[in-house]
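Chains, contacts and geometry: an overview
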Amino acid sequence: MALLVSIIVLALIFDYINGFHDAANSIATIVSTKVLTPFQAVLWAAFFNFIAFFIAKYVIGEFGIANTVSKTVYEQFITLPVILSGIIAAVMWNLATWWFGIPSSSSHTLIGGFAGAAIMANGFQAVHGTVIMKIVAFIFLAPLIGMLVALGLAILLYYVCKKANPHKANRWFKKLQLVSSALFSIGHGLNDSQKVMGIIAAAMIAAHPLGLGMGIQSINDLPVWVPISCFTMISLGTMSGGWKIVKTMGSRITKVTPFEGVVAETAGALTLFLTEFLKIPVSTTHTITGAIIGVGAVKRLSAVRWIVTKNLLIAWILTIPVSALLAGIIYGIATLFL
């Protein structure tokens, strides 16, 4: 029971870290364009992160991404030490990338850690290959979709607004950026909170055969306090901000205006809503970065700082294997004590 409680507490801590690590995804463009102050922006994003709970619960009617994450490892190979090792590795990688201002994926580090500990314990047979391959594919597909949607939306809006007064149009896009930022924050809440829910569900399912009080038979039995806690923690984390990553996302990739902020956030939100429908956990970091690149490339390819983009891509590719390796090492050490 102590181990299960520790896992739940650590998972919620990870959710909080995820919030301030990924706050930049929701607020970088709206802060960079000075539509909101940093403090106003994190409150705005945090509010809509939490609103996402009600959308998932009462509009969508299920937590599909949480179910997918819980099935990353086959149920018979899920143990509490495996989950604990994965979460510790994910927390360590998230804090390291936050410290250095690298907008890596909190989602992928969590999944990589979970899978890596399971592989260390039982070999590659422990992981669900189909689920892992879908997640890996969307490392590339999510930013690509975000980029293409942003390109198309930017071209469409340029055409619609070509005769508009520039100053008047800029004022309108500043107002619209409040809407687009809110939509992206909802997508962030829907996507990222459910990943932690999936890990907690896996731990509680693993606890069931042990006869522990909080054990459940399937994710459908997940008590309501779990999703509420997850959405609350990511909202609180978002309120704490992540200013180093805001700088990278909001200005180092390309210069962002209110028009471009609206396009990037809307494209990112639409991509996240699509992946929610497909029940595939993706990186909100990858998604919004792809959208920012797409809207920057509409002006001219040289408007995108490709050196920064290349460094981000390297971090994205490394996240799952590094997290998996780290979790495997932690599992090996943990078995000496557990």
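Just above sits the structure.
Residues numbered from 1 in each chain as written. Predicted model: local features only at pLDDT ≥ 70, side-chain atom pairs only at ≥ 80, totals over all residues. Heavy atoms only, no water.

So, the overall build of the chain
- Within the chain, the secondary structure is distributed over 12 helices and 0 strands.
- Element order for the chain, N to C, with α for helix and β for strand: α-α-α-α-α-α-α-α-α-α-α-α.
- For the chain, with 338 residues in total, the buried portion stands at 56%.
- Look at the contacts in the chain between residues 6 or more apart in sequence, and 87% of them connect residues 24 or more apart.
- Within the structure as shown, the chain displays about 14000 Å² of accessible surface, and the carbon and sulfur contribution to it stands at 72%. (Helix = DSSP H or I, 4+ residues; strand = E, 2+ residues; numbered from the N terminus. Buried < 20%, exposed > 50% of the residue type's maximum accessible area, 1.4 Å probe, protein only. Contact = heavy atoms within 4.5 Å. Areas by Shrake-Rupley, 256 points an atom, 1.4 Å probe, with all protein chains shown as cover.)

Some points on the packing of helix H4 (residues 80-99) against helix H5 (residues 106-122)
- Interaxial distance between H4 and H5 falls to 8 Å at its minimum, and their mutual angle equals 140°. By the angle class used here, H4 and H5 are oblique. H4 and H5 meet at a crossing whose hand is right-handed. Between H4, through Val82, Ile83, Ser85, Gly86, Ala89, Ala90, Trp93 and Asn94, and H5, the contact on the second element is made entirely by Ser106, Thr109, Leu110, Gly113, Phe114, Ala117, Ala118 and Ala121.
- Here the residues of the contact of H4 with H5 sort into 10 nonpolar, 6 polar and no charged. (Axes fitted to C-alpha atoms, helices over the stretch in contact; angles between N-to-C directions. Parallel < 35°, antiparallel > 145°, perpendicular 65-115°, else oblique. Left-handed = near helix turned anticlockwise from the far one by under 90°. Nonpolar A, V, L, I, M, F, W, Y, C, P; charged D, E, K, R; others polar.)

Let's talk about the packing of aromatic side chains
- Per the stated rule, a full pass over the model turns up 10 aromatic pairs.
- For the ring pair tyrosine 158 and phenylalanine 259, a centre distance of 4.6 Å and an interplane angle of 40° mean the geometry is tilted. Of this pair, tyrosine 158 sits in helix H6 (residues 129-160) while phenylalanine 259 is found in helix H10 (residues 258-278), placing the two residues 101 residues apart along the sequence.
- With relative accessibility at 11%, the residue phenylalanine 259 sits in the buried group.
- Both rings, one in phenylalanine 173 and one in phenylalanine 259, keep their centres 5.1 Å apart while their planes meet at 90°; by these two values the pair is edge-to-face. Placement of phenylalanine 173 in helix H7 (residues 166-207) and of phenylalanine 259 in helix H10 is noted, with a sequence separation of 86 residues between them. There is no split in this pair, since phenylalanine 173 and phenylalanine 259 are both buried.
- Members of the aromatic cluster, connected to one another through ring pairs, are Phe50, Phe53, Phe54, Tyr58, Phe63 and Phe231.
- Its end group placed over the ring of tryptophan 172, lysine 175 keeps NZ or CZ at 5.3 Å from the ring centre. (Phe/Tyr/Trp six-rings, centres within 6.5 Å; stacked < 30°, edge-to-face > 60°. Lys NZ or Arg CZ within 6 Å of the ring centre and 35° of its normal.)

Some details on the side chain of lysine 195
- Inspection of the secondary structure puts lysine 195 in helix H7.
- In terms of polar contacts, lysine 195 uses its side chain to reach the backbone carbonyl oxygen of valine 282, at 2.5 Å.
- Contacts of lysine 195, omitting those with residues within four sequence positions, involve Ile65, Val69, Ser107, Leu110, Pro281 and Val282. (Polar contact = N/O pair within 3.5 Å; in protein donor to acceptor, adjacent residues only side chain to side chain.)

Comments concerning H6
- Helix length check: H6, at 32 residues, gives a terminal C-alpha distance of 45 Å against a target of 46 Å (1.5 Å per residue), a fit within 8%.
- Helix geometry: H6 is bent most strongly at isoleucine 139, by close to 40°, with proline proline 143 lying one to four residues after it.
- Turning to H6, its buried residues are Val131, Ile135, Phe138, Ile139, Ala142, Pro143, Gly146, Ala150, Ala154 and Leu157. (Expected span 1.5 Å × (residues − 1). Bend = angle between axes of the 7 residues up to and from the residue.)

Focus on unusual backbone geometry
- Although it is not a glycine, lysine 279 sits at a positive phi angle of roughly 65°.
- For lysine 279, the position within the fold is in the loop between H10 and helix H11 (284-299).
- You can call lysine 279 partly exposed: its relative accessible area is 33%.

Distances and angles like these do not, on their own, reveal function.
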